[in-house]
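The lines below spell out each chain.
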Amino acid sequence: MSEQLKFVVEQLNKEPFKKNLNLITFDSLESMQLLQTLNDVLAEIDPKQAIDIREELPDQTIKRTCALLGMLKYKPPSNFSDVSSFRQGLVTGSKPVVHHILHWLLQRVPELKKRAYLARFLVKLEIPAEFLQDDVINDTYHQYEELVEGFKLYHKECEKLRTSGFSTAEIRRDISAMEEEKDQLIKRVDRLKKRVESVPNHQRMLEQASQLRVEKEREDSLTHQKQEQKNQLFQAEQRLQRLQQQLKDLRQAAADANPESLMKRLEEEIKINSYMVSEKLPKELEGMRRTVQYLHKIASEPAMGQADLQELEDKIKEVDSQINQLIEKRMMRNDPMDDKLTLYRQQASIIIRRKESKAEELQEAREELAAAERELKQRTNQAQTSDGEEVIRGDELKRLLVKLRSKGTVYKKKRQEIAELKAEFGVLQRTEEILKQRHETVQQKLQTVEAEKGIAGYSNTQEELERVSAIKSELDEKKGRTLDDMSEMVKKLNSMIVDKKAALAPIIKELRSLRQRCQELSQEYEEKKAQYESCTAGLESNRSKLEQEVKALREETSQDENRYHYINSMSEIIEMQIQRAAEEMKAYVSSDPQERKKAIREVYMKNIAEQELLGKKLREKQKMVRESHAANMEQMTMWCDLEQLMVCKKQCFIRAQSQASVGQVIQEEGKDRLVL
């Protein structure tokens, strides 16, 4: 997180923001200032965003910012799982949200500028399908789409021209420099011709030199042709080896095959294909159809509320209880015949599952094989169209891998050497800095000493004299060059000029046509741009009206949908009640006593009888309590009196014990003795 903040602060302090911030001041920014900084970065990407957010409503600011971030394909961080939480953090100016957006934007400003520029022309207007039924709107929209496609083509051509590497200014500078060099060389050649005229047989020597240059050029072209033929021969040999290997494999396959094995293989394939066609694929198709019907049913049903979900849960519980009851009944029957058949059913289900799994594996393998064959064919076509050669295979690929591994080891060694050299370079650089500092101190001391002695500037004068003498010696060496060196240099320069002219001739010719094409495209671009802007203005005005109408229609539709859902839910509730009443009537009318026992009426009657019996018992008990109430109350008073009597006795006993503790009575040999 700290590295992210450092990067953001560094980028904000550079051009064109110049915020002059540090980590502390940036971290202490308030939410409004942080949002304004984010808006400034967005304004650098899209100039339309250059707005003071204090003059704009917060909802409009967040809506505009989110729309631009969506257009720039920004993805919120993973810790914000919900879009609403991310939007809330953006509204409140949360630091984690804004810092992540700034880091993402400042990493790719040039790319986002280009994307924002293209979005102005390539983001299509969304017009509802019902409005496209109008002929005028439909024709206008088709023209708008054609203009967008035309803009795409023109932009691609413009980008190709920009990235082609040809700059007219550089070419003009190169041409002017070569013309100046040409004039200088012509003058030198004239001077040399005058000097060479005095040499005997100079014309013949010049002819021999030109013939020598022609033969050398011919030798170079022949060497190049020889190398190309070697490469072609090597490729042909590799292709021959591959074809021979394929032929060998086919012969082995043909030698191993006989009619019986082929028939057996074909029968197995027929069985597999018939199983796939007759059993597996129809089941999958039926399952997909059921899934589609179920999804259509879910899509057509109204939105469910909490009450609907609770009702469905109750139904699920009821069905689960019925299933459990049926299982218990089945277990209670415990038919031995069913136990014997269960084993065979399990074995059959296991075999069917294995068969289906193997069929699925076979289908997946076939799909993978088909995909691999398509990819192989595509790669082969790409290789043949790009290089005119086939893909490298077999032994050649192994040799290349071995060569690549050896180069990898060499690369690791070289990288280690580079690391050592970099470390040594750092040490030497530090040493150089130290020596420079020492040199500066020595120079300062030398200047002070020269000033004290009255010979200030002596060392500089000496250095200047040494530099002048070195320049003079270099000039003397240049003057001492021979005539042969000059003639060789002239020949080299002539050949370079000819090569440059030959290389630049097609480029200049192509540049003229491209320049004319660029002028035509720019003129057509301006015309298309004016048409696009006028069309956009008209569509914007129509869009605002259509949006208002669509809003009113959507509100009306939502009201109708709510009313429809309410009526549909009420009808389902009534149907369920009718169904329950019909089931109750059916069970009540049924002659089967087991079915009648399941009826709610029977259950309620049974509960009523049990409750009446319980009430009768309770009334009898109440009568008995009322009859024995007086005797019981008299007995309770007697027990209370007895309790008081026992408490009184207890107190008397405790008091007697306390009085007896004054002395101790000892009985010995029939005599009582009191000891105090």
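Structural data are supplied above this passage.
Described in the following lines is the structure provided in the data block. Counting starts from 1 at the beginning of each chain's written sequence and moves along it residue by residue. Two thresholds apply to this predicted model, a pLDDT of at least 70 for residue-level local features and 80 or more for giving and counting side-chain atom pairs, whereas whole-chain, interface and lining totals are computed over all residues. Note that the side-chain values use all heavy atoms of the structure and ignore hydrogens as well as water.

## Some remarks on the overall build of the protein
Inclusion rule: Going along the chain from the N terminus, every DSSP run of H or I of four or more residues is numbered as a helix, and every run of E of two or more is numbered as a strand. Only protein chains enter the accessibility calculation, which uses a 1.4 Å probe; a residue is then buried when its area is under 20% of its type maximum, exposed when over 50%, and partly exposed in between. We call two residues in contact when some of their heavy atoms are within 4.5 Å. Per-residue and other accessible areas follow the Shrake-Rupley method at a 1.4 Å probe size, with only the shown protein chains counted as cover for residues.
The number of helices and strands found in the protein is 19 helices and two strands. Per-residue burial over the protein gives 14% buried out of 676 residues. In the protein, the proportion of contacts linking residues at least 24 apart, taken out of those at least 6 apart, comes to 62%. For the protein, the computed accessible surface area is about 55900 Å², with 56% contributed by carbon and sulfur atoms.

## Things to note about the packing of aromatic side chains
Test applied: Stacked, edge-to-face and tilted labels apply to pairs of Phe, Tyr and Trp rings (six-membered ring for Trp) whose centres lie within 6.5 Å, assigned for plane angles under 30 degrees, over 60, and everything in between, in that order.
All chains considered together, the criterion is met by five aromatic pairs. Seen in terms of ring centroids, Tyr141 and Tyr144 are 5.9 Å apart; in terms of plane orientation they differ by 40 degrees. Their pairing is tilted. Separated by three residues within a single helix, Tyr141 and Tyr144 lie in helix α8 (residues 135-163), roughly one turn from each other. Its relative accessible area of 12% is what places Tyr141 among the buried residues. A network of ring pairs unites the aromatic residues Tyr117, Phe151 and Tyr525 as a single cluster.

## Comments concerning the nonpolar core
Short version of the rule: Definition of nonpolar core: a set of buried residues of the types Ala, Val, Leu, Ile, Met, Phe, Trp, Tyr and Cys, connected through side-chain atoms within 4.5 Å.
The biggest cluster of nonpolar side chains holds 33 residues, and the ones touching the most others in it are Leu12, Phe26, Leu38, Leu72, Leu90, Ile101 and Leu105. Every element with two or more residues in this core is listed here: α1 (2-13), α3 (31-45), α4 (58-71), α5 (83-91), α6 (95-107) and α7 (109-122). When residues no more than four places from it in sequence are discounted, the contact partners of Leu12 are Phe17, Lys18, Lys19, Leu21, Phe26, Thr37, Val41 and Leu106.

## Considerations on a negative patch on the surface
Here is the rule: Patch definition: residues with relative accessible area over 30% and no salt bridge; like charges joined within 9 Å; nonpolar side chains (Val, Leu, Ile, Met, Phe, Trp, Tyr) joined within 5 Å. One side-chain nitrogen of Lys or Arg within 4 Å of one carboxyl oxygen of Asp or Glu is enough to make a salt bridge. In summary, the charge assignment counts Lys and Arg as positive and Asp and Glu as negative, without counting His or the chain termini. Note on charges: their place is set at NZ of Lys, CZ of Arg, CG of Asp or CD of Glu.
A surface patch of negative charge is lined by Glu215, Glu217, Glu219, Asp220 and Asp499. With respect to the element layout, Glu215 can be found in helix α10 (residues 202-256). Among the residues examined, Glu215 registers a relative accessible area of 45% and is labelled partly exposed.

## Thoughts on α8
Defined as follows: For a helix, the expected span equals 1.5 Å multiplied by the number of residues minus one.
Between its first and last C-alpha, α8 extends 42 Å over 29 residues, near the 42 Å set by a 1.5 Å rise per residue. Within the sequence span of α8, burial applies to Tyr141, Tyr144, Leu147, Val148, Gly150, Phe151, Tyr154 and His155.

## Some thoughts on the pattern of salt bridges
Enumeration over the complete set of coordinates arrives at nine salt bridges. Taking the shortest distance from any N to any O, the salt bridge between Lys436 and Glu432 comes out at 3.4 Å. Of the two residues, Lys436 and Glu432 are both situated in helix α14 (residues 394-453); the distance of four residues between them amounts to about one turn of the helix.

## Quick word on unusual backbone geometry
Despite not being glycine, Lys73 has its phi angle at roughly 65 degrees, a positive value. For Lys73, the position within the fold is in the loop between α4 and α5.

## Structural notes on the environment of Leu102
Tracing the backbone through its elements, the reader meets Leu102 in helix α6. Expressed as a C-alpha distance, the spacing of Leu102 and Gln4, which sit 98 residues apart in the sequence, is 9.4 Å.

## Re the packing of α3 against α6
For clarity, the cut-off: An axis is simply a line fitted to the C-alpha atoms; with a helix, the fit covers only the stretch in contact. Between two such axes, the angle follows the N-to-C directions and lies from 0 to 180 degrees. When describing relative orientation, an angle under 35 degrees is termed roughly parallel and one over 145 degrees roughly antiparallel, while 65 to 115 degrees is termed roughly perpendicular and anything else oblique. By convention the crossing between two helices is left-handed if the near helix lies anticlockwise of the far one by an angle smaller than a right angle, and right-handed if it lies clockwise. Here the nonpolar group is Ala, Val, Leu, Ile, Met, Phe, Trp, Tyr, Cys and Pro; Asp, Glu, Lys and Arg are the charged ones; every other residue, Gly included, is treated as polar.
The contact between α3 and α6 brings their axes to 10 Å, and the two run at 20 degrees. The orientation of α3 with respect to α6, classified from their angle, is roughly parallel. Here the hand of the crossing between α3 and α6 comes out left-handed. Between α3 and α6, the residues in contact are Leu34, Leu35, Thr37, Leu38, Val41, Leu42 and Ile45 and Lys95, Val98, His99, Ile101, Leu102, Leu105 and Leu106, respectively. Looking at the contact of α3 with α6, its residues break down into 11 nonpolar, two polar and one charged.

## What to know about a nonpolar patch on the surface
On the surface, Ile600, Val603, Tyr604, Met605 and Ile608 cluster together to form a nonpolar patch covering roughly 470 Å² of accessible area. Along the polypeptide, Met605 turns up in helix α18 (residues 600-627). Taking the relative accessible area as the measure of exposure, Met605 reaches 47% and is therefore partly exposed.

## Considerations on the state of the cysteines
The condition is simple: The disulfide criterion used throughout: a pair of cysteine sulfur atoms within 2.5 Å.
For the structure shown, the criterion picks out zero disulfides. Cys652 provides the cysteine sulfur closest to Cys648, a residue in no disulfide bond, and the two sulfurs are 4.4 Å apart. A residue is classified by how much of its surface remains accessible, and Cys648, at 40% relative accessible area, is partly exposed.

## Thoughts on a positive patch on the surface
On the surface, a cluster of positive charge is made up of Lys187, Arg188, Arg191 and Arg195. Among the secondary structure elements, Arg191 is positioned in helix α9 (residues 168-196). Its relative accessible area of 47% is what places Arg191 among the partly exposed residues.

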